[in-house]
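Breakdown of the fold
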Amino acid sequence: MNFKELANKYQTPLYVYDLDYMTKQYEALKGAFRGRKALLAYAVKANSNLSVVRHFAKLGAGADCVSIGEVRRAFLAGIPKYKIIFSGVGKGDDEIREAIERDILYINLESDGELERVEMIAKELGAQARISIRVNPNIDPKTHPYISTGLHANKFGVDINTAKRMYIRAKNSQHLDPVGIHSHIGSQLTELDPIREASEIVADLVRSLQAIDIDLKFFDVGGGLGIKYKDETTIDPYDYAQAILGTLTGLDITVVGEPGRYLTANAGYFLTKVMYEKKNDDKRFVIVDGAMNDLIRPSLYNAYHYVEAVDKEGETSRADIVGPVCESGDFLAKDYELPALEHDDLLVIHSAGAYGFGMGSNYNTRGRSAEVAVEEGQDRLIRRRETFEDLIALEKEFLD
Ligand code: LLP
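In this text, all values refer to a predicted model and were calculated from it rather than measured experimentally. (Residues numbered from 1 in each chain as written. Predicted model: local features only at pLDDT ≥ 70, side-chain atom pairs only at ≥ 80, totals over all residues. Heavy atoms only, no water.)

With that out of the way, let us pick up the sheet that holds strand β7 (residues 176–182). The eight strands are arranged β2-β3-β4-β5-β6-β7-β8-β9 in a closed barrel whose pairing can be described as parallel. The mean inter-strand angle of the sheet, taken between neighbouring strand axes irrespective of direction, is 30°. With two bridges joining them, strand β4 (residues 84–86) and strand β5 (residues 106–109) adopt parallel strand pairing. In the strand pairing of β5, Phe 86 is matched with Ile 107. (Pairing = 2+ DSSP bridges. Helix = DSSP H or I, 4+ residues; strand = E, 2+ residues; numbered from the N terminus. Axes fitted to C-alpha atoms, helices over the stretch in contact; angles between N-to-C directions.)

Taking burial as the measure, the seven residues of β7 include six buried ones, the bulk of the element. Bridge analysis of strand β6 (residues 129–134) against β7 gives six bridges, and the strand direction is parallel. Residue pairing across strands places Ile 133 opposite Ile 181, the latter belonging to β7. As judged from the three bridges shared by β7 and strand β8 (residues 218–220), these two strands associate in the parallel manner. Note on β8: the bridge partner recorded for His 182 is Asp 220. Once you follow β7 into helix α8 (residues 192–210) and on to β8, the crossover reads as right-handed. (Buried < 20%, exposed > 50% of the residue type's maximum accessible area, 1.4 Å probe, protein only. Right-handed = clockwise from strand over helix to strand, strands pointing away.)

Around the ligand, the surrounding shell holds 19 residues, and the nearest of these are Ser 187, Glu 258, Arg 297, Tyr 301 and Tyr 355. Surface burial for the ligand is 92%, taken as the share of its 580 Å² of free accessible area covered by protein chains. Two domains each donate at least three residues to the shell around the ligand, and these are domain 1 (3–13 + 266–392) and domain 2 (33–259). (Near = heavy atom within 4 Å. Areas by Shrake-Rupley, 256 points an atom, 1.4 Å probe, with all protein chains shown as cover. Domains from an automatic or database assignment.)

Turning next to the packing of helix α2 (residues 19–32) against helix α9 (residues 237–245). Between α2 and α9, the least distance of the axes is 8 Å, while the angle of their chain directions is 35°. Judged by the sense of rotation from one axis to the other, the crossing of α2 with α9 is right-handed. Of α9, the residues touching α2 (which contributes Ala 28, Leu 29 and Ala 32) are Pro 237, Tyr 238, Tyr 240 and Ala 241. In the contact of α2 with α9, the residues fall into seven nonpolar, no polar and no charged. (Left-handed = near helix turned anticlockwise from the far one by under 90°. Contact = heavy atoms within 4.5 Å. Nonpolar A, V, L, I, M, F, W, Y, C, P; charged D, E, K, R; others polar.)

Here's what the structure looks like:
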């Protein structure tokens, strides 16, 4: 990929996505489940640009959505309704109503209270809502605490006994159709054992539900497959599929996956230009035009992203790469070995295709970056850079 050319053509800061890499990842994961009924529902939150979602739609993917906004994006991007899933702990009544009216594949329920709301709204609509219940298997996924979800200490899902009660209630309701079961223990998972254990617990529940005549069609294992940011050992998609399928012997059930990061993270690059170098005593800072409002992962999780100094060589020394935002927490990397840099040199922050742009903000009245897709050697704009006018558009009319 010619980052310099892209930076000159579209300016910086800039997100660039390699769609062919996304295809490769999708095919690898899909291929691992070959011979089994399986649906990969792309976790839209990882990178919700319409053109990215459209790309997955063309590959045959479904969509896992966590707000009605994401559901609408999935529809707009051309994902068929029978491949759209709606998850999340706090769905509003309007969101539930729209999801039922749009007749999506199923709604993932995360509490008793939510089951009641969905039942009530389906009744009002004279409909039957297809539901799945998110089970919290109480498994430690061994990942960053902010992205760990499968422990009872986390807000997600319900325990096994509650799930059972909810399934029985759904089964006895005219307005609910229990079709699936869901679990997602965390994100950026690099160990297989917790995945296998969680899958076993959930599969056992599926069997015990069968015994009371509740036959589920979808076994939704969530997302979470980790990727290499630095030197992590990652899980091979084949081993991942085998670990899950191994727990499903004797069950005729469609496996649903909700991968996000695995499909898009290493397809994405964040391009930023050096503005200044400075030293405070011995401490070296490289000040760039991208900031925490563009890519918050380093500030929020202390996440590591590989940084490439394009066409720069020579002796290196440690520097913090910081942005123009007025926060000490505004950094893209800390103590990173970099060669001497000058105004306009280009830095490429790797692995930025998941939870990058989407977690961005307009903090400090900074317009969000443009996004560019590269496919078969051709680049194209898929979101234009935000202007000052865009940022004030919703406020201007209220100025007295
Ligand atoms: N399904 C559910 C129910 C989820 O909660 C998530 C992610 C996914 C699927 C997709 O997980 P993935 O395959 O991308 O790991 N902002 C954080 C990650 C938050 C993940 C939230 N849930 C980060 O930048 O690391």
